[in-house]
Amino acid sequence: MVIFLKNYSIWNDEVNFIKRDKLDKNINVDILVIGGGITGISCCFQLIGTNKKIALVDANSIGSGITSRTTGKLTFLQEGIYSKIKKYSNANNAKLYYEAQKDSIKIVKDIVTKEKINCNFEKSDSYLFCEDESKINNIKNEKKILENFGCEVKEVDSLPDKNKCGYGIKVDGTYCFHPLKYLVELEKVLLNRGVKIYENTRIYSINEFGNYYICKSDKYSIHTKEVVLALHYPYFTVPFFMPFKVHLEKSYVSAFLEKNNLNFNAINLDKPVKSVRFYKSDENKYKIFLYGSRNLAMDVNDKKHFDKFKEFNYDYKYLWSNIDIITGDFIPYIGEIMKGVYIATGYNTWGMTNSSIAAVVIRDLILKKENKYINLFNPKRGINILSLPLVFGSNAKSYIESTINSNKKFYESVRIEEINGKKIGIYNYGNKEYKVYIKCPHMGCNLVFNEVEKTWDCPCHGSRFNIYGKVINGPSNFDITYK
Ligand SMILES: Cc1cc2nc3c(=O)[nH]c(=O)nc-3n(C[C@H](O)[C@H](O)[C@H](O)COP(=O)(O)OP(=O)(O)OC[C@H]3O[C@@H](n4cnc5c(N)ncnc54)[C@H](O)[C@@H]3O)c2cc1C
């Protein structure tokens with residue numbers, strides 16, 4: 001079978017979501033979950049059986065956000081995260097975070113077993129390795145921290161595919177799965193148990209009225225007591241100063257055919273980042289290879305980053321990129337941000353794993369039950385002084401870089417013009433011109449064209465738009481269609 005190179009994630013080809021209706025009347029619920037990625041779907045799942053009337057809405061379709069472009073590992077070996085949390089928060093929180101990851105993996109495992117979910121959920125030992133000697137001590141340090149938590153860690157000098165890896169460590173009790181198959185099946189469970197699901201229903205505003213909220217979409221409103229913002233980037237929480245508390249990172253991912261389906265996953269501590277896992281579809285075996293990651297606002301020419309895959313002689317079948325949110329202390333923000341409003345974000349590229357514990361924490365907050373992770377993830381916690389240069393430095397640099405670089409024209413297929421005082425990006429393809437406004441509606445940053453995925457991307461906060469101007473990823477809540 002011949003497979004041509006596709007400029008979207010492999011997961012999108014492997015699932016059939018059933019289209020759900022748009023909201024077509026005003027409704028009244030106890031809990032509204034906004035966002036149908038892994039966070040929103042997991043939150044709804046944890047809330048069924050609580051006697052609450054629940055609705056979930058997604059601006060596009062279920063699983064169309066960041067979750068569709070992940071690598072789908074469920075692991076607690078997350079680069080050097082425990083050393084980082086120890087440094088930017090404290091040792092107790094590093095241990096608690098470790099326990100949260102172990103719990104989260106167990107939650108997914110139990111759901112898959114109990115609900116008989118067919119999502120290629122497979123045991124996959126995790127490796128952390130380095131090729132550069134200067135990182136050996138960092139890995140040894142991570143090993144020591146994990147061992148102090150009671151985790152069994154083995155030292156290795158090669159990966160199971162026989163590739164020498166310099167120095168590395170290995171843990172077990174970790175898994176890989178197909179993220180969208182997991183969502184499709186969980187969505188069916190939700191519908192069967194009375195959760196109302198609406199697609200193509202974007203929420204534009206959330207207003208508080210005494211002890212309830214009115215969440216408005218384009219025509220209809222949802223009247224609710226509590227709101228869960230499972231949006232990836234929770235832009236409704238203006239006083240939370242999200243843009244000043246986090247920075248974003250973009251990574252580049254590929255999938256190519258592979259003879260063997262090995263059950264391990266690995267990530268390095270060197271630069272550029274290399275991360276691998278294996279996946280066996282009904283027809284083929286693939287290796288999923290993430291290569292390179294960058295601060296979203298720096299070095300914004302995506303083609304240049306995708307071209308780096310050419311350093312390896314693989315026969316790529318899929319290429320895509322994805323964005324995630326990094327917090328100052330490397331701990332996610334999960335919890336109640338205003339009375340009755342909950343967020344789960346800032347997963348530091350480990351949201352497949354963190355989203356399940358996020359769902360349990362939010363459920364327990366709503367039910368006013370104790371949960372040992374509430375303080376760890378508290379979104380109202382202060383910022384450690386050590387992380388200020390990391391967050392502010394990175395944000396300041398990124399605003400400057402994005403202003404300078406986003407005005408550059410990287411590709412022959414694109415030109416930028418000013419029409420009636422507004423900047424217009426014009427993409428030329430097959431004798432047709434696709435015009436869009438290129439100021440991001442979120443905070444006014446200049447958008448940059450991503451020639452590989454054919455999207456207009458915001459280098460400041462990660463909004464993405466297709467060539468027709470339709471927003472495909474927030475935080476922008478508005479399109480950039482040229483009229
Ligand atoms: C390259 C890469 C690889 C990764 N690999 C891994 C991995 O192997 N393991 C791991 O643990 N984590 C991984 N992650 C992280 C993980 O994929 C994400 O953290 C996770 O998918 C985020 O899910 P989410 O549900 O919070 O967001 P999303 O999936 O983005 O869901 C948010 C949803 O909200 C909807 N929405 C937005 N605004 C509105 C609105 N106004 N009204 C209604 N709906 C709205 C969107 O349409 C979207 O569907 C990776 C991240 C990257 C960048």
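Residues numbered from 1 in each chain as written. Predicted model: local features only at pLDDT ≥ 70, side-chain atom pairs only at ≥ 80, totals over all residues. Heavy atoms only, no water.

Undergrad: How do you make sense of the packing of helix α1 (residues 38-47) against helix α5 (residues 179-192) when you look at a structure like this?
TA: Pairs of packed helices are described in terms of their axes, by the angle between the two and the distance that separates them. One can describe the packing of α1 onto α5 by two numbers: an axis separation of 10 Å at closest approach and a directional angle of 35°. For the pair α1 and α5, the sense of crossing is left-handed. Touching Ile38, Ile41, Cys44 and Phe45 of α1 are Tyr182, Leu183, Leu186, Glu187, Val189 and Leu190, all from α5. Here the residues of the contact of α1 with α5 sort into 9 nonpolar, no polar and 1 charged. (Axes fitted to C-alpha atoms, helices over the stretch in contact; angles between N-to-C directions. Helix = DSSP H or I, 4+ residues; strand = E, 2+ residues; numbered from the N terminus. Left-handed = near helix turned anticlockwise from the far one by under 90°. Contact = heavy atoms within 4.5 Å. Nonpolar A, V, L, I, M, F, W, Y, C, P; charged D, E, K, R; others polar.)

Undergrad: Looking at this structure, how should I read the domain arrangement of the chain?
TA: Examined at the domain level, the chain breaks down into domain 1 (10-120 + 173-247 + 301-404) and domain 2 (406-473). Counting residues at the interface gives 19 residues for domain 1, matched by 23 residues for domain 2. In total, about 1800 Å² of surface goes out of reach between domain 1 and domain 2, with carbon and sulfur atoms giving 51% of it. Our count for the contact surface shared by domain 1 and domain 2 stands at 3 residue pairs in polar contact (both at pLDDT 80 or more). Counting only elements with at least two residues in the side of domain 1 that touches domain 2, the list comes to α7 (302-307), β17 (316-327) and α10 (388-405). At 5 residues, the largest contribution of residues to the side of domain 1 that touches domain 2 is made by α10. (Domains from an automatic or database assignment. Buried area = accessible area lost by both parts, 1.4 Å probe. Polar contact = N/O pair within 3.5 Å; in protein donor to acceptor, adjacent residues only side chain to side chain.)

Undergrad: Before we go on, may I ask you to explain the sheet that holds strand β4 (residues 122-123) in this structure?
TA: Each strand in a sheet pairs with its neighbour through backbone hydrogen bonds, running either in the same direction (parallel) or in the opposite one (antiparallel). In spatial order, the strands read β3-β8-β4; together these 3 strands make up an open sheet with antiparallel pairing. Strand pairing shows two members of the sheet lacking a second neighbour, β3 (73-74) and β4, which therefore form its edges. (Pairing = 2+ DSSP bridges.)

Undergrad: Help me out: how do you make sense of the sheet that holds strand β21 (residues 422-429) in this one?
TA: Taken in spatial order, the 3 strands make up an open sheet running β20-β21-β22, and their pairing is antiparallel. Two strands in the sheet have a free side with no partner beyond their single neighbour: β20 (414-419) and β22 (432-437). Each neighbouring strand pair of the sheet contributes to a mean axis angle of 30°, computed without reference to strand direction.

Undergrad: How do you make sense of the site of the ligand when you look at a structure like this?
TA: As a structural note, the neighbourhood of the ligand is formed by 38 residues, with Asp58, Thr67, Thr71, Lys73 and Tyr235 the closest of them. A distance of 2.5 Å separates an oxygen atom of the ligand from a polar atom in the side chain of Thr67. Contact distances for the ligand include 3.3 Å between an oxygen atom and a backbone N or O atom of Gly72. For the ligand, whose unbound accessible area comes to 1000 Å², protein coverage reaches 98%. Every element with two or more residues in the shell around the ligand is listed here: α1, β13 (246-257), β17 and α8 (351-366). (Near = heavy atom within 4 Å. Areas by Shrake-Rupley, 256 points an atom, 1.4 Å probe, with all protein chains shown as cover.)

Undergrad: When you look at the nonpolar core in this model, what are you seeing that I'm missing?
TA: Nonpolar side chains in soluble globular proteins generally cluster together in the buried interior. In terms of nonpolar packing, the biggest core is built from 89 residues, with Ile10, Tyr82, Leu146, Phe177, Tyr182 and Phe377 touching the most fellow members. Look past the residues within four positions of Tyr182 in its chain and what remains in contact with it is Ile38, Val108, Ile111, Val112, Ile117, Cys119 and Phe177. Tyr235, Phe236, Val246 and Ile343 belong to the second largest nonpolar core, which has 29 residues in total. (Core = buried A, V, L, I, M, F, W, Y, C linked by side-chain atoms within 4.5 Å. Buried < 20%, exposed > 50% of the residue type's maximum accessible area, 1.4 Å probe, protein only.)

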